[in-house]
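Residues per chain, in single letters:
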Amino acid sequence: MVRELIVTIDDDARRLAYAVVEGARPPVEHHHAAFEVRAEGAEASRLIWTTDVLPHAVAAEIRVRVERGAAEMKQTIESSARSPRR
């Protein structure tokens, strides 16, 4: 199980930062990341997910996981937006 520490939540900036503190696979020395949501016009937003990881040798594997996670979030959000509201 991966344990993450919420570092900051900034509602005004629409930003959340976290750090992986336990259970990272592959093991890492440092893993800090942030999500930021930016408006793109009146009807859209963009999620920016920035991740810093050490050692650099694991960056490619972490990148694959981040890209997969972003795709799953996008699919979930778009599916929810298409569903009729109750």
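Higher on the page you've got the structure.
Residues numbered from 1 in each chain as written. Predicted model: local features only at pLDDT ≥ 70, side-chain atom pairs only at ≥ 80, totals over all residues. Heavy atoms only, no water.

1. So, the overall build of the chain
Point 1. What the chain contains, in helices and strands, is 1 helix and 4 strands.
Point 2. Sequence-ordered secondary structure for the chain, helices as α and strands as β, is β-β-β-β-α.
Point 3. Relative to the globule expectation of 12 Å for 86 residues, the C-alpha radius of gyration of the chain, 15 Å, shows a markedly less compact shape.
Point 4. Dimensions of the chain, computed from C-alpha atoms along their principal axes, come out at roughly 45 × 25 × 25 Å.
Point 5. Burial status across the chain gives 15% buried among its 86 residues.
Point 6. Taking the contacts inside the chain whose residues are at least 6 apart along the sequence as the reference set, 22% of them involve residues at least 24 apart.
Point 7. Approximately 6,900 Å² of the chain is accessible, and the part contributed by carbon and sulfur atoms is 53%.
Point 8. Put simply, the chain has 13 plus and 14 minus side-chain charges, and the middle of one group is 6 Å from the middle of the other. (Helix = DSSP H or I, 4+ residues; strand = E, 2+ residues; numbered from the N terminus. Rg over C-alpha atoms; globule rule 2.2 N^0.38 Å. Buried < 20%, exposed > 50% of the residue type's maximum accessible area, 1.4 Å probe, protein only. Contact = heavy atoms within 4.5 Å. Areas by Shrake-Rupley, 256 points an atom, 1.4 Å probe, with all protein chains shown as cover. Lys, Arg positive; Asp, Glu negative; His and termini not counted. Charge placed at Lys NZ, Arg CZ, Asp CG, Glu CD.)

2. Details of unusual backbone geometry
Point 1. Cis peptide bonds are those with omega within 30 degrees of zero, and the linkage from Arg25 to Pro26 qualifies with 0°.
Point 2. Summarising the element assignment, Pro26 is placed in the loop between β2 (15-22) and β3 (30-39).
Point 3. Residue Pro55 is reached from Leu54 by a cis peptide bond, and omega for that bond is 5°.
Point 4. You can see Pro55 is positioned in the loop between β4 (45-54) and α1 (59-82).
Point 5. Even without glycine at this site, Arg14 takes up a positive phi of about 55°.
Point 6. Residue placement: Arg14 occurs in the loop between β1 (3-10) and β2.
Point 7. For Arg14, a relative accessible area of 39% gives the class partly exposed.

3. As for the pattern of salt bridges
Point 1. By the definition in use, this model includes 6 salt bridges.
Point 2. Linking Arg3 and Glu22 is a salt bridge whose minimum nitrogen-to-oxygen distance equals 3.2 Å. A residue pair is termed long-range when its members are at least 10 positions apart, and Arg3 in strand β1 and Glu22 in strand β2 qualify at 19 residues.
Point 3. A residue is classified by how much of its surface remains accessible, and Arg3, at 47% relative accessible area, is partly exposed.
Point 4. Two residues, Glu61 and Arg65, come together in a salt bridge whose shortest N-O distance is 2.8 Å. Of this pair, Glu61 and Arg65 are both found in helix α1, 4 residues apart, which corresponds to roughly one turn of the helix. (Salt bridge = Lys/Arg side-chain N within 4 Å of Asp/Glu carboxyl O.)

4. Remarks on the environment of Gln75
Point 1. Tracing the backbone shows Gln75 in helix α1.
Point 2. As for Gln75 and Glu36, which are separated by 39 residues in sequence, their C-alpha atoms are 18 Å apart.

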